[in-house]
Amino acid sequence: GLFLPFGVVFVLDTFNDKIRDRQSLEQSTQVPLLGIVGFRESESEMVVEDNPKGSITEAFRSIRANLQFFNTKQQKCSIILMTSSVSGEGKSFCAQNLAAIFAISGKKTALLGFDLRKPKSSEKFKLQSEKGISNYLIGASTIQEIVQPSTVQGLDIILSGPKPPNPAELLMSERMDSLFEYLRANYEFVILDSPPLGVISDSMALVPYSNAIIYVVRQNTTRRGQLETLNKLYKEGKVPHISIILNAVRYDGLSYGY
């Protein structure tokens, strides 16, 4: 009677290769943990703006404080690249709220949608125009035409724009250098919402422009095997100043502490 249930639990635990908590994450990778974000109960994606005293907002404040250790040179503009293993791990959610928490603290911030293969609608951000990065990279729009103010004071948003047939080639365009020169001159923090690193290599084209890289891992969604690409890049030194956010963590039945 005792061995049977223990045996079933042991077998299920052995074959469960998903990241379940902080301990299983630390066993799967040596990349440092930047912060833990709780599970979002509400439908609103901009939690930082809608619930400034909530636990998720406090988590992003902690992440904002921890990021200063990745900017040891205290550069005028910090460019932070957000990526993940696959779609659905909360990368865009973390990028939006991290950008908002910087803007709320009085920092001039820009959020850029660099997922050109899966562009987000302007209605999601309550914006009027569909112009974005793809329009600028092909020379159809200027930088000033694609920058749009958000509902958060101090936060500007640049959308992905219409889906192009050649996103990888556009990210290697010479106009990318001009875009980042403009961003460094006009903003203190720039958040890049990029495609999943484990699916396509578009994110690697953005690494040279970034001061810090954040890899989003979702509890009970991200598999340990999906972190192999991250571990390989980390060991080879191809992704400097990288850290992990453990997202959508449910604290039911789990001990929590600093």
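Just above sits the structure.
Rules behind the numbers
Residue numbers here run from 1 along each chain, matching the order of that chain's written sequence. At least 70 in pLDDT is required for a residue's local features to be given in this predicted model, at least 80 for side-chain atom pairs to be given and counted, and no such filter applies to totals for whole chains, interfaces and linings, which use all residues. Just so you know, side-chain values use all the structure's heavy atoms and leave hydrogens and water out. Only DSSP runs of H or I covering at least 4 residues are called helices, and only runs of E covering at least 2 are called strands; the numbering of each starts at the N terminus. Only C-alpha atoms enter the radius of gyration, while the globule expectation follows 2.2 Å times N to the 0.38, with N the number of residues. Working definition: with a 1.4 Å probe on protein chains only, accessible area under 20% of the residue-type maximum means buried, over 50% means exposed, and in between means partly exposed. Whether two residues are in contact is decided by their heavy atoms: any pair within 4.5 Å suffices. Residues scored as charged are limited to Lys and Arg (positive) and Asp and Glu (negative), so that His and the chain ends carry no count. One atom stands in for each charge, and that atom is NZ of Lys, CZ of Arg, CG of Asp or CD of Glu. Relevant arc is that of directions from the helix axis to the C-beta atoms, nothing else. When the centres of two rings from Phe, Tyr and Trp lie within 6.5 Å, Trp using its six-membered ring, the rings pair. Their planes under 30 degrees apart give stacked, over 60 give edge-to-face, and anything left gives tilted. Think of a nonpolar core as a cluster: buried Ala, Val, Leu, Ile, Met, Phe, Trp, Tyr and Cys residues, connected wherever their side-chain atoms sit within 4.5 Å. Strand pairing is defined by DSSP finding a minimum of two bridges between the two strands.

Engineer: What exactly am I supposed to notice about the overall build of the chain here?
Structural biologist: The helix and strand tally for the chain stands at ten helices and eight strands. Here the C-alpha atoms of the chain give a radius of gyration of 19 Å, agreeing with the 18 Å that 2.2 N^0.38 yields for 258 residues. Overall, the C-alpha framework of the chain stretches about 70 × 40 × 35 Å when taken along its three principal axes. With 258 residues in all, the chain has 48% of them scored as buried. Across the chain, every contact between residues at least 6 apart in sequence was considered, and the portion connecting residues at least 24 apart equals 80%. Side-chain charges of the chain comprise 28 positive and 26 negative groups, with the mean position of each set lying 2 Å from the other.

Engineer: What exactly am I supposed to notice about helix α10 (residues 228–236) here?
Structural biologist: Taken together, the buried positions of α10 are Leu230, Asn231 and Leu233. In an axial view of α10, the angular spread of the buried residues amounts to 165°, which keeps them on one side of the axis. Across α10 from its buried face, at more than 90 degrees, point the exposed residues Glu228, Lys232 and Lys235. Turning to α10, the residues buried within the fold contact α2 (22–28), β7 (212–218) and β8 (242–249). The positive-phi residue at the C-terminal boundary of α10 is Gly237, with phi of around 75°.

Engineer: Got a minute to help me understand the packing of aromatic side chains in this structure?
Structural biologist: Note on aromatic pairs: each is described by the distance of the centres and the angle between the planes. Throughout the structure, instances matching the rule amount to four aromatic pairs. An angle of 70° between the planes, with centres 6.1 Å apart, marks the rings of Phe60 and Phe93 as edge-to-face. A residue pair is termed long-range when its members are at least 10 positions apart, and Phe60 in helix α4 (residues 55–66) and Phe93 in helix α5 (residues 91–104) qualify at 33 residues. Like Phe93, Phe60 is buried. Their ring planes at 10° and their centres at 4.2 Å tell us that Phe180 and Tyr209 sit as a pair that is stacked. In this pair, Phe180 is assigned in helix α9 (residues 175–186) and Tyr209 in the loop between β6 (189–193) and β7, connecting sequence segments 29 residues apart. By relative accessible area, which is 0% here, Phe180 ends up buried. The class of Tyr209 is buried, set by a relative accessible area of 15%.

Engineer: Looking at this structure, I do not really get the nonpolar core. What am I missing?
Structural biologist: Nonpolar side chains tend to gather and get buried jointly when the protein is soluble and globular. Leu112, Phe114, Phe180, Leu183 and Leu192 are the most contacted members of the largest nonpolar core, which has 41 residues in total. Discounting residues that sit within four places of it in the chain, Phe180 has contacts with Ile79, Phe114, Leu192, Leu206 and Tyr209. Within the second largest apolar cluster, 35 residues are counted, among which are Leu34, Cys94, Leu111 and Phe189.

Engineer: Could you clarify how one ought to interpret the pairing of β6 in this entry?
Structural biologist: Within a regular beta strand, the side chains point alternately toward one face of the sheet and then the other, so they alternate between its two faces. Most of β6 is tucked away, with five of its five residues classed as buried. For strand β2 (residues 78–84) and β6, the ladder comprises five bridges, and the chain directions are parallel. Paired with Ile79 across the strands is Val190, a residue of β6. Where strand β3 (residues 109–113) meets β6, five bridges bridge the pair, whose relative direction is parallel. The residue of β6 that forms the bridge with Gly113 is Asp193.

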